[in-house]
Each structure stands twice: as C-alpha cells, then as structure tokens.
Amino acid sequence: MKRFIRGLAMLVMAVPAVVFAQAKELSTTQIIRIKGSPEAVWEYVGDFGGLAKWFPPAASTRLVLKDRSEVGAIRELIRRNGTKVFEKLTEYDPYNMTLTYTYVDGAVMASDYFATVTVRDAGNGESEVIWSGRFTRLAYWQDPPPPGQDDATLTGFFTGAYKAGLDALKKAVEGTP
C-alpha cells in the first residue's frame with residue numbers, strides 16, 4: 001500500500017510539470033547594410049502602418065487602432081496569399097530608431113511572437129538594419145509537432161521573411177529595381 005501511495009504521489013507531482021511545460025523559445029536575426037542615412041531608412045521602417053510600401057509579402061497594411069506609429073497602434077496586414085493578421089506596436093523609439101511588435105489576432109504563424117527592427121548608423125552614409133524575432137511554435141506542447149510546424153520550418157519561415165523584407169527595404173531606400 002505504501003508503494004501505491006508513493007507511486008500516486010509521484011504521479012501527482014509529475015502531472016503539473018507536463019501540463020505547465022515551457023515552450024522552447026526560437027529566434028532568428030537578419031542584418032543588412034543600406035546606402036542611405038539612418039533617417040532615410042527610418043522613414044520606411046518607422047512607418048508602422050506603411051509596411052506594404054516595402055515588404056513584398058504584404059499586399060496591404062493599415063492602422064486600425066490609433067492613427068500614427070505609437071505604442072498601442074494596431075495594424076492590419078493582408079498577405080499576398082489572402083490571409084490576414086493583426087500586429088500591435090509594443091515599443092516605439094524614434095530617437096533610437098527601434099520598434100517592437102507582436103501578433104494579436106488573425107492567421108498567426110507562431111505563438112509568443114515578438115519582432116524588433118532597429119536602424120543604426122553604419123558610417124559613410126550607410127545604415128545597418130537589424131530585424132530579429134523570438135517566438136514559439138503554435139503547437140509547442142506536441143512532440144513531434146504537426147507537419148510543417150516544427151522548429152526548423154518555423155525558424156526558416158521567419159528567417160526567409162526577414163531576409164526578403166530587408167532586401168526589399170534596401171531596394172526601396174537605394175532606389176534600385
């Protein structure tokens with residue numbers, strides 16, 4: 001009987017560890033140098049509602065809460081594939097040329113998603129733009145995860161999106177096709 005009670009106690013103590021397991025945080029960072037002043041680059045990056053002007057996967061973007069780039073602003077992003085997502089600006093610092101946003105609703109690709117874009121002076125009339133994100137997969141509690149939702153696929157998706165976005169930003173700022 002003692003053995004049974006001891007086994008039951010161990011089981012009861014183990015269940016919360018499984019139920020409240022922490023999701024593995026994933027991350028990616030992409031960096032690019034752009035021929036243009038930080039102020040010129042920030043004109044694009046700092047316009048939270050204007051992402052579609054330079055980010056190829058965005059068919060359209062608009063602010064749906066607040067009417068300018070400020071903490072709490074929410075943008076609606078309609079992707080070229082027709083899916084829609086809403087993103088909230090959680091940090092906005094035009095002096096240091098950095099902003100952070102997160103998903104709030106829609107066809108999200110990840111859980112606990114936070115992305116930061118920062119523009120820095122790289123000297124000689126150039127800027128460095130850093131786009132980094134941290135996130136967890138949607139079905140983090142499932143192992144193995146559903147097809148296409150594994151860590152490598154999700155990280156690859158955001159790495160590719162950030163790289164494509166930064167390449168397009170460079171073309172927009174530099175005026176190259």
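See the structure shown above.
What counts as what
Residues numbered from 1 in each chain as written. Predicted model: local features only at pLDDT ≥ 70, side-chain atom pairs only at ≥ 80, totals over all residues. Heavy atoms only, no water. Phe/Tyr/Trp six-rings, centres within 6.5 Å; stacked < 30°, edge-to-face > 60°. Helix = DSSP H or I, 4+ residues; strand = E, 2+ residues; numbered from the N terminus. Buried < 20%, exposed > 50% of the residue type's maximum accessible area, 1.4 Å probe, protein only. Lys NZ or Arg CZ within 6 Å of the ring centre and 35° of its normal. Polar contact = N/O pair within 3.5 Å; in protein donor to acceptor, adjacent residues only side chain to side chain. Contact = heavy atoms within 4.5 Å. 1 Å grid on protein atoms, 1.4 Å probe; cavity = no way out; pocket = protein on both sides within 12 Å on 5 of 7 lines; lining within 4 Å. Points joined across faces, edges and corners; volume = space filled by probe spheres on them. Nonpolar A, V, L, I, M, F, W, Y, C, P; charged D, E, K, R; others polar. Expected span 1.5 Å × (residues − 1). Arc of directions from axis to C-beta. Salt bridge = Lys/Arg side-chain N within 4 Å of Asp/Glu carboxyl O.

**Overview of the packing of aromatic side chains**
This structure, assessed with the given rule, holds 14 aromatic pairs. Ring centres of Trp42 and Tyr92 lie 5.7 Å apart, and the angle between their planes is 35°; on these two criteria the pair is classed as tilted. With Trp42 in helix 2 (residues 38-45) and Tyr92 in strand 4 (residues 84-93), this pair connects stretches of sequence that are 50 residues apart. Tyr92 sits in the partly exposed class, given a relative accessible area of 22%. Members of the aromatic cluster, connected to one another through ring pairs, are Phe48, Trp54, Phe55, Tyr101, Tyr103, Tyr113, Trp131, Phe135, Phe157, Phe158 and Tyr162. Taking NZ or CZ as reference, Arg75 lies 4.9 Å from the ring centre of Tyr101, over its face.

**Notes on the side chain of Thr118**
With respect to the helices and strands, the residue Thr118 is situated in strand 6 (residues 111-123). According to the relative accessible area criterion, Thr118 is buried, its value standing at 14%. In terms of polar contacts, Thr118 uses its side chain to reach the side chain of Thr98, at 2.8 Å. Once you skip the residues sitting within four places of it in the chain, Thr118 turns out to touch Asn96, Met97, Thr98, Glu128, Val129 and Ile130.

**Focus on empty space enclosed by the protein**
Sizing a probe to match a water molecule and rolling it over the atoms shows the empty space that remains. Counting across every chain of the model gives 1 cavity of 30 Å³ or more. Taken as a whole, the largest cavity holds about 80 Å³ of empty space. Around the largest cavity sit Tyr44, Val45, Asp47, Phe48, Leu51, Trp54, Arg75, Leu99, Tyr101, Val117 and Trp131, which together line it. Counting only elements with at least two residues in the lining of the largest cavity, the list comes to helix 2 and strand 5 (98-106). Classifying every residue of the lining of the largest cavity by side-chain character gives 9 nonpolar, no polar and 2 charged.

**Focus: helix 3 (residues 151-174)**
Think of an α-helix as turning once every 3.6 residues; residues three or four places apart then point the same way. A rise of 1.5 Å per residue sets the reference length of helix 3, with its 24 residues, at 34 Å; its end C-alpha atoms lie 34 Å apart and thus fit the reference within 8%. The complete set of buried residues in helix 3 reads Leu154, Phe158, Ala161, Tyr162, Gly165, Leu166, Ala168, Leu169 and Val173. Its buried side turned inward, helix 3 meets strand 1 (26-35), helix 2, strand 5, strand 6 and strand 7 (126-136). Among the residues of helix 3, the N-terminal cap falls to Asp150, whose side-chain oxygen and the backbone nitrogen of Ala152 are separated by 3.3 Å. Gly175 occupies a position one or two residues after helix 3 and carries a positive phi of about 70°.

**Notes on the layout of surface pockets**
Volume-wise, the largest pocket comes out at about 230 Å³. Along the walls of the largest pocket sit 19 residues, with Phe55, Arg79, Tyr103, Phe157 and Ala161 positioned nearest its centre. If you tally residues by element for the lining of the largest pocket, the top one is helix 3, at 4 residues. Split into classes, the residues belonging to the lining of the largest pocket amount to 14 nonpolar, 2 polar and 3 charged.

**Thoughts on helix 2**
For helix 2, every residue scored as buried is listed here: Pro38, Val41, Trp42 and Val45. Down the axis of helix 2, the sector holding all buried residues measures 105°, keeping them to one side. Packed against the buried residues of helix 2 are strand 1, strand 4, strand 5, strand 6, strand 7 and helix 3.

**Remarks on the pattern of salt bridges**
Following the criterion strictly, the structure yields 13 salt bridges and no others. Notably, a salt bridge pairs Lys24 with Asp151, separated by 3.5 Å at the nearest N-O pair. In this pair, Lys24 is assigned in the loop between helix 1 (2-19) and strand 1 and Asp151 in helix 3, connecting sequence segments 127 residues apart. The residue Lys170 makes a salt bridge to Glu174 at a minimum N-O spacing of 3.2 Å. Taken as a pair, Lys170 and Glu174 lie in helix 3 at a separation of 4 residues, close to a single helical turn. Residue classification places Lys170 among the partly exposed positions, given a relative accessible area of 26%. A cluster of three or more residues bridged by salt bridges with shared partners is formed by Lys24, Arg137, Asp143 and Asp151.

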